[in-house]
Amino acid sequence: MKSIQRGLCALAAVALLGIGAAGSAGAQQPFADVGKQPPITILINSSPWYAGFEKTVELYEKQTGNKVKLDATPYGGMLEKARNAVRGAKSSYDLINLDTQWTIEFYEGGFLVPYKEVDPAFDLPKEVLTYGESGYWNADKRFRSAQGGKLMAWSPNGNVLLYVYRDDLFKAAGLAPPKTWEDVLAACAKLQDPPKMYGSVMRGERGNGIRFDWMYFMLGKGAAVVRDPAGGDYTVTINSPQAKAALDLYLDVAKRCGPPNAGSLGQGDLIQLISTGKAAAGMVVSAAWNNFDDATKSAVVGKVQAVPIPRPADGKPAALLGNWNMAIPKNIPDAQRKAALAFSRWFLTAGAQRVYAEAGAIPVRDDTFRSDLAQNPKYRWMGAYLEMQKYASQELGYAEGAQVEQILGLRLNQALIGEMNSAKALNAAAKEIEELFKKNNRRTGGLTPLPE
Amino acid sequence: MRQSIVVALNRTFKHWSLLPAVVLFVALTIFPIANLVRMSVSTIEFAEGQARWTFTPAHNFSLLLADTVLWPAAVNTLVFVVVAVAVEMALGLGLALLVARLGRGKGLARTIMVLPILVPAVAIGSMWKLMYNYDFGVFNQALTALGMAPVNWLGSTSVALASVILVDIWHWVPFVFLVLFAAVEGVPNDVIEAARIDGATDAQIVRRIMIPLLKPALAIALIFRSILAFKTFDEVFLLTSGGPGTSTELVSVHLYKVFFEENQLGYGALLSLALIAAIVAFLAVSRGALAAGRSA
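These numbers come from a predicted model, not from an experiment.

Cut-offs applied
- Residues numbered from 1 in each chain as written.
- Chains lettered and ligands numbered in written order.
- Predicted model: local features only at pLDDT ≥ 70, side-chain atom pairs only at ≥ 80, totals over all residues.
- Helix = DSSP H or I, 4+ residues; strand = E, 2+ residues; numbered from the N terminus.
- Rg over C-alpha atoms; globule rule 2.2 N^0.38 Å.
- Buried ≥ 20, exposed ≤ 12 C-beta atoms within 10 Å, placed from the backbone.
- Contact = placed C-beta atoms within 7 Å.
- Domains from an automatic or database assignment.
- Nonpolar A, V, L, I, M, F, W, Y, C, P; charged D, E, K, R; others polar.
- Pairing = 2+ DSSP bridges.
- Axes fitted to C-alpha atoms, helices over the stretch in contact; angles between N-to-C directions.

1. Focus: the overall build of chain A
Phase 1: The secondary structure content of chain A amounts to 17 helices and 15 strands.
Phase 2: Whereas a compact globule of 452 residues would reach a radius of gyration of roughly 22 Å, chain A reaches 24 Å, a difference of no more than 12%.
Phase 3: Taking the principal axes of its C-alpha atoms as reference, chain A extends roughly 90 × 55 × 45 Å.
Phase 4: When burial is assessed residue by residue, chain A has 52% of its 452 residues classed as buried.
Phase 5: Partitioning the contacts of chain A with sequence separation of at least 6, the portion at a separation of at least 24 is 74%.

Here's what the structure looks like:
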């Protein structure tokens, strides 16, 4: 009996030790063991966060012994490389990175393999941000949603815009960090001194730039492009009074706070204006943060702070997501698919994400933002970023998204440069978008046009 | 019998020997154009990793008629071609005549003149975009230093197209210069000398002798430049992407957006054919005008 008791005690001790060891290993080694895998090739964009991705991949190679070849490609070449890869007999890439607006073409075209088809046990860790579920595709609804959708991609980068401002200038002028666009306009009244200093800058160039930035105003005013795309109601609501109020507010900020060439400002221009000290504030993509604290590129090192994008005084806080999506092409062998998934699993671990953040990239795990990193002044943008994730959403997540962007990008820009007034621009956009949906047999309709 | 076979082979050999060239021509020229025509009357969608073609000529044509950006783009393209090519021809001819008169340093002048053609279009776009920059560009810095107001080179609808045309002129005047300079150098000196002896002024020599003698070279330069100007894409795309509004949208830039950003392959192909047709029509009119000029 004693021997049985001794045996049970020993077994319990071993079990406890085992649990302790496993727990300790889990805490100390927050990387996944993915075993030996064949070499893989990744199509990746050479965006500002590429250096962080490259460094993290180097660590993956060192830890696992698995080889990864990166094809770093400028933004302009990414889409065609990805299309050529998936439309051919065999893809030369095992993972392709897609801008959020391109994903639908690839999901709908059947060019990608859902992650669960590679490994039915694979799920995104719960800490990983899904960025409005842009990695899921519901083929029946032709809409990106985890509700009835399959996991087609995960995000190696998720951008929201941050409102970056010159802390020194704001303090000197007795201004608090802006919370509303009306605060911004009040700050501009004190700081705007063109061409020496612009109060606040944002993108106005035709296309994705103005469409993306304006949507922060649109969402803040409670307006929408279409009524309920997830529910299949494609009634066009872009010419609602709320949307007009949002456009008028955007135009007001652009004209009273920006430079005379507001209608041609792109992301590069904004970064240049802020980092050279010619703009006191601006809406910039979070991935651009490193430019402001890099002494080799910036005249305002340590002087900028970030807060969430202001809301309209009579509106709500809003944020629009612009993320990248890493997917596995269908036209690669099974072993390559598994190797791609192994890399994905490793990359999304807490350990890898910390390395990724420390190397200057934007992590994609919630717990990385909540870690001790956020207390480090170098990462002082993290608080604003995480705050905005609470209400950030995806727009244009339907099959016609790219064409709707072209329409809005042109009409909004025409309103900004004065070719048409805000009501006419929105009415024109609404008419064109409705025509587009009609041609695609969507359940659509429109609002009564705004008085022009 | 054997002799007759040999004779027959000899007679037809010249035809058979053309076969490789014919095959290459069909594969590289006829087939892509035939495929473009087929695309232009189709809607191409992708599903389950495969392309699905549907025959929809009326649908594609209706897109062409309803395209609100195409018509401003067509007008811009026409303005771009006419203004840019006219200025390039005039400057190219003027420079060719001037350099031809140099006693020394012709080689150096020619080498310097040719430099802009050697610069890649991407570099040209980036370089000029920096120079045109409203806040940091060299043009506005110069204007500000002179006490003048800065110009919104690429952001103003009234200036942007002219700014883009200026870049094209800078890029392509050397091409026209090279073609015409070679032709000017080929004009017999004795003809010029005889005219001088007869008391012709420089202006009369240029108008009455040089230009008529240079007509073939002028026609070649004009045709080449017109074709290339119709197809201009990279400089405009890098400088303005067609904006602000539609003020610098050319058909080629619009075509790129339809084809590559909106992924409308069928309609994009139809736009390509429309652009080809416009170039052919322009060339036919130019040829007719030149022929009329010759006969007059």
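From this point on, the discussion continues.
2. Some points on the interface of chain A and chain B
Phase 1: Listed per partner, the contact involves 28 residues of chain A and 25 residues of chain B.
Phase 2: When residues of the side of chain A that touches chain B are traced back to their parent elements, those giving at least two are α3 (75–87) and α16 (401–416) of chain A.
Phase 3: Ranked by residues supplied to the side of chain A that touches chain B, first place goes to α16(A) with six residues.

3. Observations concerning the domain arrangement of chain A
Residue and element names in this part refer to chain A.
Phase 1: In terms of domains, chain A is made up of domain 1 (40–158 + 322–380) and domain 2 (161–320 + 398–446).
Phase 2: Look at where the C-alpha atoms of domain 1 and domain 2 centre, and you get two points 27 Å apart.
Phase 3: Across the boundary between the two partners, domain 1 contributes 16 residues, which contact 17 residues of domain 2.
Phase 4: Its residues assigned to classes, the side of domain 1 that touches domain 2 comprises five nonpolar, six polar and five charged.

4. Looking at the pairing of strand β2 (residues 50–55) of chain B
Residues and elements named next belong to chain B.
Phase 1: Counted residue by residue, β2 has zero buried out of six residues, so it is predominantly exposed.
Phase 2: Summarising the sheet, strand β1 (residues 42–47) and β2 pair through six bridges and their orientation is antiparallel. Directly across from I44, in β2, lies its bridge partner W53.
Phase 3: Between the end of β1 and the start of β2, which pair antiparallel, lie two residues, with E48 showing a positive phi angle near 50 degrees.

5. Comments concerning unusual backbone geometry
Phase 1: Going from P194(A) to P195(A), the amide bond is cis rather than trans, its omega being 0 degrees.
Phase 2: For P195(A), the position within the fold is in the loop between α7 (181–191) and α8 (208–220).
Phase 3: Following G243(B), the chain continues into P244(B) via a peptide bond in cis, with omega recorded as -5 degrees.
Phase 4: Looking at the secondary structure, you find P244(B) in the loop between α11 (234–239) and α12 (251–261).

6. A look at the sheet that holds strand β11 (residues 304–307) of chain A
Residues and elements named next belong to chain A.
Phase 1: Sheet architecture is open: three strands sit in the order β10-β7-β11, paired in antiparallel fashion. Edge positions in the sheet fall to β10 (281–285) and β11, since each of these pairs with one other strand and no more. Adjacent strand axes in the sheet meet at a mean angle of 35 degrees, parallel and antiparallel pairs treated alike.
Phase 2: Sheet contacts for helix α10 (residues 267–275): β7 (161–166), β10 and β11; angle to β10, the most-contacted strand, approximately 135 degrees.

7. What about the domain arrangement of chain B?
Residue and element names in this part refer to chain B.
Phase 1: By domain assignment, chain B separates into domain 1 (1–40) and domain 2 (60–295).
Phase 2: Here domain 1 and domain 2 have C-alpha centroids that lie 38 Å from each other.
Phase 3: With four residues of domain 1 at the contact, the number on the domain 2 side is seven residues.
Phase 4: Partitioned by chemical class, the residues of the side of domain 1 that touches domain 2 number three nonpolar, one polar and no charged.

8. Points about the environment of E185(B)
Phase 1: Mapped onto the secondary structure, E185(B) falls in helix α8 (residues 160–185).
Phase 2: A C-alpha to C-alpha distance of 6.7 Å links E185(B) and A100(B), two positions 85 residues apart in sequence.

9. Brief notes about the sheet that holds strand β8 (residues 226–228) of chain A
All names here are of chain A.
Phase 1: The three strands are arranged β8-β9-β15 in an open sheet whose pairing can be described as mixed. Two strands close off the open sheet at either side, each with one partner strand: β8 and β15 (444–446). Taken pair by pair, the neighbouring strands of this sheet meet at an average axis angle of 25 degrees, ignoring direction.
Phase 2: Looking at chain direction, β8 and strand β9 (residues 233–236) are connected through two bridges and run antiparallel. Looking at the pairing, V226 lines up with V236 of β9.
Phase 3: Helix-sheet contacts for helix α17 (residues 422–439) involve β9 and β15, and the interaxial angle to β15 is about 165 degrees.

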